[in-house]
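Structural overview
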Amino acid sequence: MITTQRASAYIETEERLGAHNYRPLDVVISHGEGVWLYDVEGRRYLDCISAYSAVNQGHRHPRIVAALLEQAQRVTLTSRAMRNDRFAPFLEKLTSVCRQEMALPVNTGVEAVETAIKLARRWGYRVKGIPAGQARIVVARNNFHGRTTTVIGFSSEPKYRADFGPFTPNFDHVAYGEIEALRAAVGPQTCAVMLEPVQGEGGVVVPPEGYLRAVRQLCSERNVLFLADEIQTGFGRTGDLFACDHEGVTPDILIVGKALGGGLYPVSAALASREIMSLFGPGDHGSTFGGNPLACAVGEAALDVVVEERLAERARGAGERLSEGLRRAGGSRVREVRGRGLLIGVELGTPARPLADALLARGVLAKDTHGTVLRIAPPLVIEDTEIEFLSTVFGEALAAL
Ligand SMILES: *Cc1c(COP(=O)(O)O)cnc(C)c1O
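Criteria and thresholds
- Residues numbered from 1 in each chain as written.
- Predicted model: local features only at pLDDT ≥ 70, side-chain atom pairs only at ≥ 80, totals over all residues.
- Heavy atoms only, no water.
- Pairing = 2+ DSSP bridges.
- Helix = DSSP H or I, 4+ residues; strand = E, 2+ residues; numbered from the N terminus.
- Axes fitted to C-alpha atoms, helices over the stretch in contact; angles between N-to-C directions.
- Contact = heavy atoms within 4.5 Å.
- Domains from an automatic or database assignment.
- Buried area = accessible area lost by both parts, 1.4 Å probe.
- Salt bridge = Lys/Arg side-chain N within 4 Å of Asp/Glu carboxyl O.
- Polar contact = N/O pair within 3.5 Å; in protein donor to acceptor, adjacent residues only side chain to side chain.

Some points on the sheet that holds strand E7 (residues 190-195)
What the seven strands build is an open sheet, ordered E4-E10-E9-E8-E7-E5-E6; its pairing is mixed. Looking along the sheet, the strands with just one partner apiece sit at the ends: strand E4 (102-106) and strand E6 (171-174). Strand-to-strand twist across the sheet, computed as the mean angle between neighbouring axes with direction ignored, equals 20 degrees. Across four bridges, the pairing between E7 and strand E8 (residues 225-229) is parallel. Paired with Met194 across the two strands is Leu227, which belongs to E8. Running over the sheet, helix H5 (residues 109-128) touches E4, strand E5 (136-140), E6, E7, E8, strand E9 (253-256) and strand E10 (268-272) and is turned about 155 degrees from E7.

Dropping the structure here:
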């Protein structure tokens, strides 16, 4: 048993007993509140990772914690073999916030992606009339949609795929943000186009203005479903409730996760029209934990916080101020500060990990993504004084490299 307060004891045990499938920052967190995390040695850090946008509402948001605790005293897991009194209210709120007719809740993001893939293929066969077993899905290069064997099968990142094959066939790749490439890739057997409206793990890649609208139009013209993976971009992160809202676009299947769990619990969902969602019948698809009462209570509170605390609007203003602050502090040492809302990528042109370590030493948690990009994505409840602190520390860390 670990009895010390020293981080090294935790790290040594973790490295010995845990699979080495991550390379975490060398900090051992013991508690958190709002935008702040505290380590076992008592140091404080501004969290600019936000569990990859799962903590949009801030750590331990009191309202979400209260919902979890209250539900934990009643009933937490029933399975969908029966109905529970939290499921219907959650569905009402979820479909209303997401502006879709029906929802299928699961747990992690990739399960919602898998749900959307199944649904799109079934639509391809039963509605579009694609010959059995031939449905194709177009995806973007540099995508990230999760880690199941099907989903990594259409990743373009060699590291995610190496020696994990064989992979599911019939995914076609196009360059992200290029509408003509997409037009050429959509054929008679295409049932869906699946995209992130801003690529997150791919290095915070914002598509050219008008791209999402053009994708929507192309999909409608060619009788293909548009699947938007808003797992990372959804619920206010990019300054709109959903990143697709930036261009006034509604996907046929909306995939959400991460912040739907309010930073407390995994909650995800695929949402669609009644026509599309009705292609699932009893027993066709499911999840033991999906839609459980605890998840529903947490999800409902997480949605309430996003809406009532106007997190999208706040992310928009804070994002502008933070991007400006980072640009000013970075000066000529950074190539580009890009992104939307509070999903910000700092392109360095050199490996970003040393900068992440320099920030860590100064009380900021941020992580490199895609090698040369530092992703800055704090909880959406960040205040102006914290934005100033972050910009200052960013400049100091860069200067110290
Ligand atoms: C994180 C993420 C996923 C996968 O979610 P998990 O909960 O890790 O399975 C899928 N798509 C996008 C865009 C993501 O950012």
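Additional details are given in the paragraphs that follow.
Let's talk about the domain arrangement of the chain
Domain parsing of the chain yields domain 1 (1-29 + 49-53 + 311-367 + 395-399) and domain 2 (62-308). The centre of domain 1, based on its C-alpha atoms, is set 26 Å off from the matching centre of domain 2. On the domain 2 side, the residues contacting the 17 residues of domain 1 number 19 residues. In total, domain 1 and domain 2 occlude about 1700 Å² of area from one another, counting both sides; carbon and sulfur atoms represent 55% of this. Area buried by domain 1 at its contact with domain 2 is led by Ser53, Arg340 and Leu343, which between them contribute 44% of it. Between the two partners, domain 1 and domain 2, sit two salt bridges. Between Glu209 and Arg340 there is a salt bridge, with the nearest N and O atoms lying 4.0 Å from each other. Applying the counting rule to domain 1 against domain 2 returns ten residue pairs in polar contact (both at pLDDT 80 or more). Of all the secondary-structure elements, those providing two or more residues to the side of domain 1 that touches domain 2 are helix H2 (50-53), helix H12 (311-330), strand E11 (336-340) and strand E12 (343-347). Looking at the side of domain 1 that touches domain 2, the element that brings in the most residues is H12, giving five residues.

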